[in-house]
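Structure at a glance
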Amino acid sequence: MTQARVRVGGADPYDVVIGTGVLGELPGMVGDRARTVAVVHAEGLPEIARPVCGALERAGYTVHALPVPDGEAAKEAGVLAGLWSSFARSGMTRTDVVVGVGGGATTDLAGFAAASWLRGVRVVLVPTTLLGMVDAAVGGKTGINVPEGKNLVGAFHPPAGVLCDLATLMTMPREDYISGLAEIIKAGFIADPKILELVEADPAGAASPEGPHTRELVERAVRVKADVVSADLRESGLREILNYGHTLAHAIEKAEDYRFRHGHAVAIGMVYAAEMARLAGRLPSGAVRRHRDVLASVGLPVSYAADWPGLRAAMTIDKKSRGATLRFVVLDGIAEPGRLEGPDEELLAAAYREIAP
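Attention in this report is confined to the structure presented alongside it. (Residues numbered from 1 in each chain as written. Predicted model: local features only at pLDDT ≥ 70, side-chain atom pairs only at ≥ 80, totals over all residues. Heavy atoms only, no water.)

1. A short note on the overall build of the protein chain
Applicable threshold: To qualify as a helix, a DSSP run of H or I must reach at least 4 residues; to qualify as a strand, a run of E must reach at least 2; elements of each kind are numbered from the N terminus. Atoms counted for the radius of gyration: C-alpha only. Globule rule: 2.2 Å times residue count to the power 0.38. Each accessible area is a Shrake-Rupley estimate made with a 1.4 Å probe; only the visible protein chains count as cover when residues are assessed.
The number of helices and strands found in the protein chain is 14 helices and 11 strands. For 357 residues, the compact-globule estimate of 2.2 N^0.38 gives 21 Å, and the C-alpha radius of gyration of the protein chain, at 20 Å, lies within 12% of that figure. Referenced to the eigenvectors of the C-alpha coordinate spread, the extents of the protein chain come out at roughly 60 × 45 × 35 Å. Of the roughly 13700 Å² of accessible surface on the protein chain, a fraction of 51% belongs to carbon and sulfur atoms.

Have a look at this one:
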């Protein structure tokens, strides 16, 4: 399988390398100014962290492997403080580098640790999940969670490079892989309809890392995100479209105490946003059906039942909100994203009734 290289622009451009056997690119991304490299990795992935550490050691770096809890449990203030202490004991200076190895939660944490250590050191990310490759590791958004909400504490800190080794996807649990497809499908709805066509033509293939279009799907999703973040690093306008489906999704995750898969929540959130746009007279009903059909075809959920007042309250704490005004990303057509600001409470509730089984 050949490699693809996607350039992410901005003040400090970097490459996302997609393919198999990409670890040879790692020393070049770390650079020749570094002497010490802290490899922050999910504790459940020692078999993936070892070759990363080995590649760095062979290149002459002093390597410190720093395991952190798996999943969202890593994105806590106490874990972050522990990394700071480890950096101090390792003698990490401003020319040294953090390498994050794992899923989106691990790369979010590693990125924020790098952003906050000595007011910012370089970070290279090696995402090992589909969700991490197409979403969390690209774009420079880093952060941790607090009890009041997800990703509310963080910083914009673009990586020096991202390595997506597609071989790691073969070891993923099926449900986690399918969860990551939600972000790929999201990229199709907001910007690249070819993604939707590839999934519709072969849903079973799309739902498997061994499918014929895996690399193309990953590359297309990364290119969508790269194009958007290159134009809007700090989420001042255009970048908000990447949050399609995320307002309700983050509320669901909070309601489920972060035990609900992110991609599953995003899939439900996209259907909710589509229903809202339809009820507001902005999106044709056929486009809403396409949301449901594409997502369901790969095994993603398209409905959700819970306490509506609780979900509505959780949506208030959203990064897109301005004061007390809720802001949603909606579609006016496939690949035609727009905004819906301050929707009527009845519209919010009516759209939710459309997704409640």
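2. Here's the deal with the nonpolar core
Just so we agree on the cut-off: Throughout this description, the term nonpolar core refers to a set of buried Ala, Val, Leu, Ile, Met, Phe, Trp, Tyr and Cys residues connected via side-chain atoms within 4.5 Å. Each residue is placed in one exposure class: buried if its accessible area under a 1.4 Å probe, protein chains only, is under 20% of its type's maximum, exposed if it is over 50%, and partly exposed if it falls in between. Every residue pair with non-hydrogen atoms within 4.5 Å of one another is taken to be in contact.
Core analysis: the biggest nonpolar cluster contains 104 residues, and V16 and Y272 have the highest contact counts within it. Residue contributions to this core peak at 11 residues, all from helix α11 (residues 262–279). Apart from the residues lying within four places of it in its own chain, the contact partners of V16 are A4, R5, V6, V8, V138, V162, C164 and V222.

3. Some details on the pattern of salt bridges
Rules: Within this document, salt bridges are pairs made up of a side-chain nitrogen of Lys or Arg and a carboxyl oxygen of Asp or Glu, the two lying within 4 Å of each other.
Under the counting rule described, the total for this entry stands at 22 salt bridges. Ionic pairing is found between R339 and E240, a salt bridge with its closest N-O pair at 3.1 Å. Of the two residues, R339 sits in strand β11 (residues 337–341) while E240 sits in the loop between α9 (214–231) and α10 (246–255), which places them 99 residues apart along the sequence. Residue E240 is classed as buried on the basis of its relative accessible area, which comes to 2%. Connected through salt bridges with shared partners, the residues R5, R7, D15 and E25 form a single ionic network.

4. Looking at the sheet that holds strand β3 (residues 36–42)
Applicable threshold: When DSSP finds two or more bridges between two strands, those strands count as paired. Angles run from 0 to 180 degrees between N-to-C directions of axes, and those axes are lines fitted to C-alpha atoms, restricted for helices to the stretch in contact.
Sheet architecture is open: seven strands sit in the order β1-β2-β9-β6-β5-β3-β4, paired in mixed fashion. Looking at the sheet topology across the chains shown, the edges are occupied by β1 (4–8) and β4 (62–68). Direction aside, neighbouring strands of the sheet carry axes that sit 15° apart on average. As judged from the five bridges shared by β3 and strand β5 (residues 97–102), these two strands associate in the parallel manner.

5. Observations regarding the packing of aromatic side chains
Short version of the rule: Pairing of aromatic side chains here covers Phe, Tyr and the six-membered ring of Trp, requires ring centres within 6.5 Å, and sorts the geometry by plane angle: under 30 degrees stacked, over 60 edge-to-face, intermediate tilted.
Counted by the stated rule, this structure contains five aromatic pairs. Between F87 and W117 the ring centres are 5.7 Å apart and the planes differ by 70°, which places this aromatic pair in the edge-to-face class. Residue F87 is found in helix α3 (residues 77–90), and its partner W117 is found in the loop between α4 (104–116) and β6 (122–127); the two are separated by 30 residues along the sequence. Given a relative accessible area of 0%, F87 falls into the buried group. Classification of W117 by relative accessible area gives buried; the value is 14%. Seen in terms of ring centroids, Y272 and W308 are 6.3 Å apart; in terms of plane orientation they differ by 45°. Their pairing is tilted. Note that Y272 is positioned in helix α11 and W308 in helix α13 (residues 308–316), a separation of 36 residues in sequence.

6. Topic: unusual backbone geometry
If you check the backbone angles, R119 has positive phi at about 65° while not being a glycine. Within the fold, R119 resides in the loop between α4 and β6.

7. Details of the packing of helix α6 (residues 174–190) against α11
In plain terms, the rule: Take the far helix as the reference: if the near one is turned anticlockwise from it by less than a right angle, the crossing is left-handed, and if turned clockwise, right-handed. Amino acids are sorted into nonpolar (Ala, Val, Leu, Ile, Met, Phe, Trp, Tyr, Cys and Pro), charged (Asp, Glu, Lys and Arg) and polar (every other residue, Gly among them).
Close contact between α6 and α11 brings their axes to 7 Å; oriented N to C, the two are set at 40°. The element α6 and its partner α11 pack so that their crossing is left-handed. Residue-level inspection shows E175, S179, A182, E183, K186 and F189 of α6 in contact with α11, the latter providing H262, G263, H264, V266, A267 and M270. For the contact of α6 with α11, the per-class residue count stands at five nonpolar, four polar and three charged.

8. Let's talk about a nonpolar patch on the surface
We apply this condition: Grouping into patches uses exposed residues only, defined as over 30% relative accessible area, and leaves out salt-bridged ones; the cut-off is 9 Å for like charges and 5 Å for nonpolar side chains (Val, Leu, Ile, Met, Phe, Trp, Tyr).
On the surface, a cluster of nonpolar side chains totalling about 220 Å² of accessible area is made up of L152, V153 and I317. Position of I317 relative to the elements: it lies in the loop between α13 and β10 (327–331). With a relative accessible area of 43%, I317 lands in the partly exposed category.

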